[in-house]
Amino acid sequence: MSDNIDIELLHNEITNIQDKKAVLLFHGLTGSPFEMKKYAHFLFDKGYDVFCYSFPGHGNRIDEIETVTWQDWCNFSQEKYNLLRKSYNQFFVSGLCLGAAIAVYLGEHNNDITGIIALSTTLFLDGFCIPWTVSFLPVALNTIVKFYYTFPEDECYGVKNERTRKSLAKVMLKADVGMDNYPLNCVAGLLKLSKNVRKNIKKVTCPILCIHSKYDNLASTKGAKFVIKNVSSKIKKYVELDNSYHMVLYDNEKIFVMNTVNEFLNEFVQQKELAGIA
Amino acid sequence: MLYLSIVINVLLILCFIICYIYSLKKVINPKFKAKLGLFLCGLMIIYFFCLILTILFGFIFHNYLTLILLLFVITPFIIGYYASYKKIAKYTFIQISFLVMSLTILVMFL
């Protein structure tokens, strides 16, 4: 099966309606649903319906991402959420990087989310791979330079495992699985979204699980810790990884990450079953 | 300071011309684009500092005409505000025009 067909499969929604529990996944900045593929299949195997869509401007040509704003990403996610939520008893949202910020954003604006799973939450661009030139951002963002400034994809691809890194590099070359650079306009969108999410963080009341690596190359643990510290949720869990970079779903601890997510999800299913027995 | 401003101005014009050509082509190597963008940004910062210092020196030596250079400190931000990705070539051309104007004025101060 080629990579493109797999992406289509995710676009077409893996459904199993009678279970009435679902997870809406969001991919990362300049990424595509491809990066959530293994995670999506894992959740599907555990009995969840999984939905994952490509954000506006993503997965296609660089021209398209330059013309979208962070509000487009938020509106798109909210639309998808509204469309899917009514069909399920239990509805979780989960995302990686930008997707995690969007998942938290949805948590701020919807009280009926069963739970949030935020992976490598990017609320601050302060990872060890962020170049010092990021301090030029204010000048670049306010002049025409913003259209000529880009951050090329780091050679480590956000993955510590060298074998995975090599295979990711090959995949990036042959398929529409993501872009090989981060246009400044797009990074600015993420920063504006992050600012908005930080401002309204207290509105999150649903259970939340944050998984973040201590050695995340793009965003330090500051963002995830900020979320855990400031949300109003009664159930909140923070898990720190120590053998991965940013792409926690592909790195050395991917199995641990997926099992932790499964444990978190199972807590709700068990609670629901116990409530049913009572 | 005036000489430095002129050199930076010329470099900025050249950089923006390269950007203008690439904006018409629409195909660009991301690594080259990153380096060009970074260089452009660095030059822009030095350009602003040079113009501001030229104005200050002008004030010190009672050459109040240098105040006109303030216009060229502000215009990149105005252009940046109105610029859109779809009309990038047009706005790059406008930016180059303003840089040529500032170069002309700087040369007149020599």
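All figures in this text were calculated on a predicted structure; none of them were measured in a lab.

Engineer: Honestly, the overall build of chain B in this entry has me stumped. Any pointers?
Structural biologist: Counting its secondary structure elements, chain B contains four helices and zero strands. Helices (α) and strands (β) of chain B occur, in sequence order from the N terminus, as α-α-α-α. Whereas a compact globule of 110 residues would reach a radius of gyration of roughly 13 Å, chain B reaches 15 Å, a difference of no more than 12%. Here the C-alpha coordinates of chain B stretch approximately 50 × 25 × 20 Å along the principal axes. Pairs at least 24 residues apart make up 73% of the contacts formed inside chain B by residues separated by at least 6 positions. Of the roughly 6,200 Å² of accessible surface on chain B, 79% is carried by carbon and sulfur atoms.

Engineer: Could you clarify how one ought to interpret the overall build of chain A in this entry?
Structural biologist: Per the secondary structure count, chain A includes ten helices and eight strands. In chain A, which comprises 278 residues, the proportion classed as buried is 60%. A sequence separation of at least 24 residues applies to 77% of the contacts in chain A between residues at least 6 apart. Put simply, chain A shows about 11,700 Å² of open surface, and 52% of that area lies on carbon and sulfur atoms.

Engineer: I tried to follow the sheet that holds strand S4 (residues 115-119) of chain A on my own but got confused; where do I start?
Structural biologist: The strands making up a sheet associate through backbone hydrogen bonding, with each pair oriented either parallel or antiparallel. Residue and element names in this part refer to chain A. Pairing in this open sheet of six strands is parallel, and the strands run S2-S1-S3-S4-S7-S8 from one edge to the other. In this open sheet, the two strands that pair with only one neighbour each are strand S2 (49-52) and strand S8 (236-241). Neighbour-to-neighbour, the strand axes of the sheet open up by a mean angle of 15°, direction not taken into account. Judged from the five bridges that link them, strand S3 (residues 90-96) and S4 form a sheet pairing that is parallel. Within the sheet, the bridge partner assigned to Ser94 lies in S4 and is Ile117.

Engineer: Explain the packing of aromatic side chains here, please?
Structural biologist: Aromatic ring pairs are described here by two measures, namely the spacing of the ring centres and the angle between the planes. Counted by the stated rule, this structure contains 16 aromatic pairs over all chains. Relative to Phe226 of chain A, the ring of Phe124 of chain A has its centre 6.2 Å away and its plane inclined at 85°; by these criteria the two rings are edge-to-face. Of this pair, Phe124 of chain A sits in the loop between S4 and helix H6 (137-142) while Phe226 of chain A sits in helix H9 (residues 222-230), and the two are 102 residues apart along the sequence. Ring centres 5.0 Å apart and planes at 90° place the aromatic pair Tyr81 of chain B and Tyr82 of chain B in the edge-to-face group. An aromatic cluster is defined as three or more aromatic residues linked by ring pairs; in this entry it consists of Phe26, Tyr53, Phe55 and Phe76 of chain A. The ring of Tyr53 of chain A has Lys80 of chain A sitting right over it, with the charged end atom 4.3 Å from the ring centre.

Engineer: I'm lost on the side chain of Ser5 of chain B in this one. Help?
Structural biologist: In this structure, Ser5 of chain B sits in helix H1 (residues 2-25). Setting aside residues no more than four positions away along its own chain, Ser5 of chain B makes contact with Cys50, Leu51, Thr54 and Leu106 of chain B.

Engineer: Just checking my understanding: could you explain the pattern of salt bridges for this structure?
Structural biologist: Pairs can form between side chains of opposite charge whenever their charged atoms are close. Residue and element names in this part refer to chain A. All chains considered together, the criterion is met by two salt bridges over all chains. Taking the shortest distance from any N to any O, the salt bridge between Arg85 and Asp112 comes out at 3.8 Å. Pair noted here: Arg85 is in helix H4 (residues 70-85) and Asp112 is in the loop between helix H5 (98-109) and S4, with a separation of 27 residues, a long-range link.

Engineer: I would appreciate a short explanation of the nonpolar core in the present structure.
Structural biologist: Taken as a class, soluble globular proteins show a tendency for nonpolar side chains to be buried jointly. Among the nonpolar cores identified, the biggest contains 124 residues, and Tyr39, Leu43, Val93 and Leu119 of chain A are the most heavily contacted of them. With eleven residues, the single largest contributor to this core is helix H2 (residues 30-60) of chain B. Ignoring any residue separated from it by four or fewer positions in sequence, one finds Tyr39 of chain A in contact with Leu25, Ser94, Ile117, Leu119, Leu249, Met258 and Val261 of chain A.

Engineer: Got a minute to help me understand unusual backbone geometry in this structure?
Structural biologist: The bulk of non-glycine residues show a negative phi, and the bulk of peptide bonds are trans. Although it is not a glycine, Cys97 of chain A sits at a positive phi angle of roughly 60°. Tracing the backbone shows Cys97 of chain A in the loop between S3 and H5.

Engineer: So what exactly am I meant to see when it comes to the interface of chain B and chain A here?
Structural biologist: Put simply, an interface is often sized by how much accessible area is lost when its parts join up. Taken residue by residue, the interface counts 30 residues in chain B and 21 residues in chain A. Buried surface at the junction of chain B and chain A, both sides included, amounts to about 2,200 Å², of which 77% is carbon and sulfur. The tally of links between chain B and chain A comes to zero salt bridges. The interface formed by chain B and chain A holds two residue pairs in polar contact (both at pLDDT 80 or more) in total. Mapped onto the side of chain B that touches chain A, the elements with two or more residues apiece are H1, H2, helix H3 (70-82) and helix H4 (88-108) of chain B. When grouped by side-chain class, the residues that make up the side of chain B that touches chain A number 19 nonpolar, seven polar and four charged.

Rules and cut-offs
- Residues numbered from 1 in each chain as written.
- Chains lettered and ligands numbered in written order.
- Predicted model: local features only at pLDDT ≥ 70, side-chain atom pairs only at ≥ 80, totals over all residues.
- Heavy atoms only, no water.
- Helix = DSSP H or I, 4+ residues; strand = E, 2+ residues; numbered from the N terminus.
- Rg over C-alpha atoms; globule rule 2.2 N^0.38 Å.
- Contact = heavy atoms within 4.5 Å.
- Areas by Shrake-Rupley, 256 points an atom, 1.4 Å probe, with all protein chains shown as cover.
- Buried < 20%, exposed > 50% of the residue type's maximum accessible area, 1.4 Å probe, protein only.
- Pairing = 2+ DSSP bridges.
- Axes fitted to C-alpha atoms, helices over the stretch in contact; angles between N-to-C directions.
- Phe/Tyr/Trp six-rings, centres within 6.5 Å; stacked < 30°, edge-to-face > 60°.
- Lys NZ or Arg CZ within 6 Å of the ring centre and 35° of its normal.
- Salt bridge = Lys/Arg side-chain N within 4 Å of Asp/Glu carboxyl O.
- Core = buried A, V, L, I, M, F, W, Y, C linked by side-chain atoms within 4.5 Å.
- Buried area = accessible area lost by both parts, 1.4 Å probe.
- Polar contact = N/O pair within 3.5 Å; in protein donor to acceptor, adjacent residues only side chain to side chain.
- Nonpolar A, V, L, I, M, F, W, Y, C, P; charged D, E, K, R; others polar.

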